[in-house]
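# Fold and contact review
Letter by letter, the chains look like this.
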Amino acid sequence: MAAKHSAGLLLFRRRDEVEVLLAHMGGPFWAKKDEAAWSLPKGELEDGEEPVAAARREFAEELGLPAPDGEWLALGDVRQSGKVVTAWAVEADLDPAAVVPGTFELEWPPRSGRKQEFPEVDRVEWFGLDDARVKLVKGQRAFLDRLSEVA
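To keep things clear, this report deals only with the structure shown in the data block. (Residues numbered from 1 in each chain as written. Predicted model: local features only at pLDDT ≥ 70, side-chain atom pairs only at ≥ 80, totals over all residues. Heavy atoms only, no water.)

## Some remarks on the overall build of the protein
A tally of regular secondary structure across the protein gives three helices and nine strands. Secondary structure elements of the protein occur, N-terminal to C-terminal, as β-β-β-β-α-β-β-β-β-β-α-α. Since a compact globule built from 151 residues should have a radius of gyration of about 15 Å, the 15 Å found for the protein is in line with a globular shape. Across the 151 residues in the protein, those meeting the buried criterion constitute 44%. In the protein, 65% of the contacts between residues at least 6 apart in sequence involve partners at least 24 apart. Total accessible area computed for the protein in this model is approximately 8200 Å², and 48% of it derives from carbon and sulfur atoms. Computed over 20 positive and 29 negative side-chain charges, the inter-centroid distance for the protein is 7 Å. (Helix = DSSP H or I, 4+ residues; strand = E, 2+ residues; numbered from the N terminus. Rg over C-alpha atoms; globule rule 2.2 N^0.38 Å. Buried < 20%, exposed > 50% of the residue type's maximum accessible area, 1.4 Å probe, protein only. Contact = heavy atoms within 4.5 Å. Areas by Shrake-Rupley, 256 points an atom, 1.4 Å probe, with all protein chains shown as cover. Lys, Arg positive; Asp, Glu negative; His and termini not counted. Charge placed at Lys NZ, Arg CZ, Asp CG, Glu CD.)

Dropping the structure here:
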């Protein structure tokens, strides 16, 4: 059985230092976590979908904004929790206050039979690379090193 495949987009901007835009994962499992609880906007490929198209679609679904124009810098693949994640970086600025996250439905509390709706991400913020290394889930941290090489 092939590993699941996700694709995502890591925005970066240059201020006093390079900063990246990360999304804190929504829902009850992540609500009280901060370190290693952030991700780049990403999601699973649909059948037959190209990774770049999935990254663009997932950015829009998770943040409620279109993926920005600009040069897409390939950051390659990483293995995260049994799946392959492919990512690109784009230099762009985005106001976190403009984000209107998509939602997902989950049975909560577990085995209660009640479905609740939660935001896909509950906040987005800009972080310098050192802070981002602490915030980002471990499986995606290699993307920060690769960004440093290409940006």
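## Overview of unusual backbone geometry
A cis amide bond, omega -5 degrees, links Trp-108 with the succeeding residue Pro-109. For Pro-109, the position within the fold is in the loop between β7 (103-107) and β8 (115-119). Unusually for a residue other than glycine, Ser-81 sits at a positive phi of about 50 degrees. Along the polypeptide, Ser-81 turns up in the loop between β5 (73-80) and β6 (83-91). For Ser-81, a relative accessible area of 73% corresponds to the exposed category. Despite not being glycine, Arg-111 shows a phi value in the positive range, around 60 degrees. Within the secondary structure layout, Arg-111 lies in the loop between β7 and β8. Relative accessible area serves as the criterion here: at 79%, Arg-111 is assigned to the exposed category.

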